[in-house]
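# Structural overview
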Amino acid sequence: MSFLSNLTKEVVATVILLAIVIFLRIITAKLIRRYAKLSSIMEHRTNLVIKYIHILITVLAIVGIIVIWGVQKKDIIFTLSSVTTVVGVAMFAQWSILSNITSGVILFFFFPFRIGDVILVHDKDFPIQAEIEDIKAFHIYLKTIEGERITYPNNLLLQKGISIIHPKFEDKEFMD
């Protein structure tokens, strides 16, 4: 019984932290869904961004629990340096994946084109004019006038110049 009485502060702090995590997850999900609704963003893209933010909140909560339970600073620093080294080497090998995920989040919040827009990618070697069919976490799907389907990485969309092409004739009735 004395063991539990010695740990009451840690248990209470952990419960409070978990309540804050649940609250933050609910609030961020609602705010992102509201932003997506106002911006007419697709539901699956909204869910993807919510998932990324929930992962970030969970990682921060784990760090908080480690601090609450009094892990020694030298042990934390040693563990973090080891994990950072391993993750750094792995991410350096897979930098394009991380770059595409980050670009996908940026495209969700800040880019002016949407599914259905016709874009022109200003690439010196391989210019592309195509309609955006879908925007995923790592890439977008494009469809050219000839019917060719192209998978284009999100990070290249941020690196290349993009023009949104408006159709010359919209759906209008023509009269003689």
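Preceding this section is the structure that the text describes.
In what follows, the accompanying structure is described.

Scoring rules and cut-offs
- Residues numbered from 1 in each chain as written.
- Predicted model: local features only at pLDDT ≥ 70, side-chain atom pairs only at ≥ 80, totals over all residues.
- Heavy atoms only, no water.
- Helix = DSSP H or I, 4+ residues; strand = E, 2+ residues; numbered from the N terminus.
- Buried < 20%, exposed > 50% of the residue type's maximum accessible area, 1.4 Å probe, protein only.
- Contact = heavy atoms within 4.5 Å.
- Pairing = 2+ DSSP bridges.
- Salt bridge = Lys/Arg side-chain N within 4 Å of Asp/Glu carboxyl O.
- Polar contact = N/O pair within 3.5 Å; in protein donor to acceptor, adjacent residues only side chain to side chain.
- Axes fitted to C-alpha atoms, helices over the stretch in contact; angles between N-to-C directions.
- Parallel < 35°, antiparallel > 145°, perpendicular 65-115°, else oblique.
- Left-handed = near helix turned anticlockwise from the far one by under 90°.
- Nonpolar A, V, L, I, M, F, W, Y, C, P; charged D, E, K, R; others polar.

## What to know about the overall build of the protein
Tallying secondary structure elements over the protein gives six helices and five strands in all. Traced from its N-terminal end to its C-terminal end, the protein shows the element sequence α-α-α-α-α-β-β-β-β-α-β. Taken over 176 residues, the protein has a buried fraction of 24%. Long-range pairs, those at least 24 residues apart, make up 55% of the contacts in the protein between residues at least 6 apart in sequence.

## Let's talk about the pairing of strand 4 (residues 149-153)
Covered by surrounding structure in strand 4 are Ile150 and Tyr152 only, the residues Arg149, Thr151 and Pro153 on the alternate face being uncovered. Count of turn residues in the strand 3 (residues 139-144)/strand 4 antiparallel hairpin: four residues, of which Gly147 carries a positive phi of about 95 degrees.

## Concerning the pattern of salt bridges
Throughout the structure, instances matching the rule amount to two salt bridges. Where Lys160 meets Asp123, a salt bridge forms, and the shortest distance between an N and an O atom there is 3.7 Å. Of the two residues, Lys160 sits in the loop between helix 6 (154-159) and strand 5 (161-165) while Asp123 sits in the loop between strand 1 (118-122) and strand 2 (128-135), which places them 37 residues apart along the sequence. Taking the relative accessible area as the measure of exposure, Lys160 reaches 28% and is therefore partly exposed. Here Glu133 ties to Arg149 by a salt bridge, and the two come within 3.6 Å at their closest N and O atoms.

## What about the environment of Asn47?
Within the secondary structure, Asn47 sits in helix 3 (residues 43-68). With a relative accessible area of 34%, Asn47 lands in the partly exposed category. It is 9.9 Å that separates the C-alpha atoms of Asn47 and Ala36, two residues lying eleven residues apart in sequence. A polar atom in the side chain of Asn47 sits 3.0 Å from the side chain of Arg33.

## So, the environment of Pro112
In this structure, Pro112 sits in the loop between helix 5 (95-110) and strand 1. Here Pro112 falls in the exposed class, since its relative accessible area comes to 58%. A C-alpha to C-alpha distance of 8.7 Å links Pro112 and Ile164, two positions 52 residues apart in sequence. Among residues more than four places away in sequence, those in contact with Pro112 are Asp117 and Ile164.

## Description of the packing of helix 2 (residues 8-39) against helix 3
For the pair helix 2 and helix 3, interaxial distance at closest approach is 10 Å and the crossing angle is 165 degrees. The angle between the axes of helix 2 and helix 3 places the two elements in the roughly antiparallel class. In this structure, helix 2 meets helix 3 at a crossing whose hand is right-handed. Class assignment for the residues of the contact of helix 2 with helix 3 results in 15 nonpolar, seven polar and four charged.

## Examining the sheet that holds strand 2
Within a beta sheet, neighbouring strands are joined by backbone hydrogen bonds and run either parallel or antiparallel to one another. With antiparallel pairing, five strands are arranged side by side in an open sheet as 4-3-2-1-5. What marks the edges here is a single partner per strand, and that holds for strand 4 and strand 5. Strand-to-strand twist in this sheet, taken as the mean axis angle between neighbours without regard to direction, amounts to 40 degrees. In this structure, strand 3 lies alongside strand 4, joined through five bridges in antiparallel fashion. Among the inter-strand pairings, Tyr141 is bridged to a residue of strand 4, identified as Thr151.

## A short note on the side chain of His139
Mapping His139 onto the fold places it in strand 3. At 3.3 Å, the side chain of His139 and the side chain of Tyr141 are in polar contact. Leave out the neighbours within four places in its chain, and His139 touches Thr151, Tyr152, Pro153 and Asn154.

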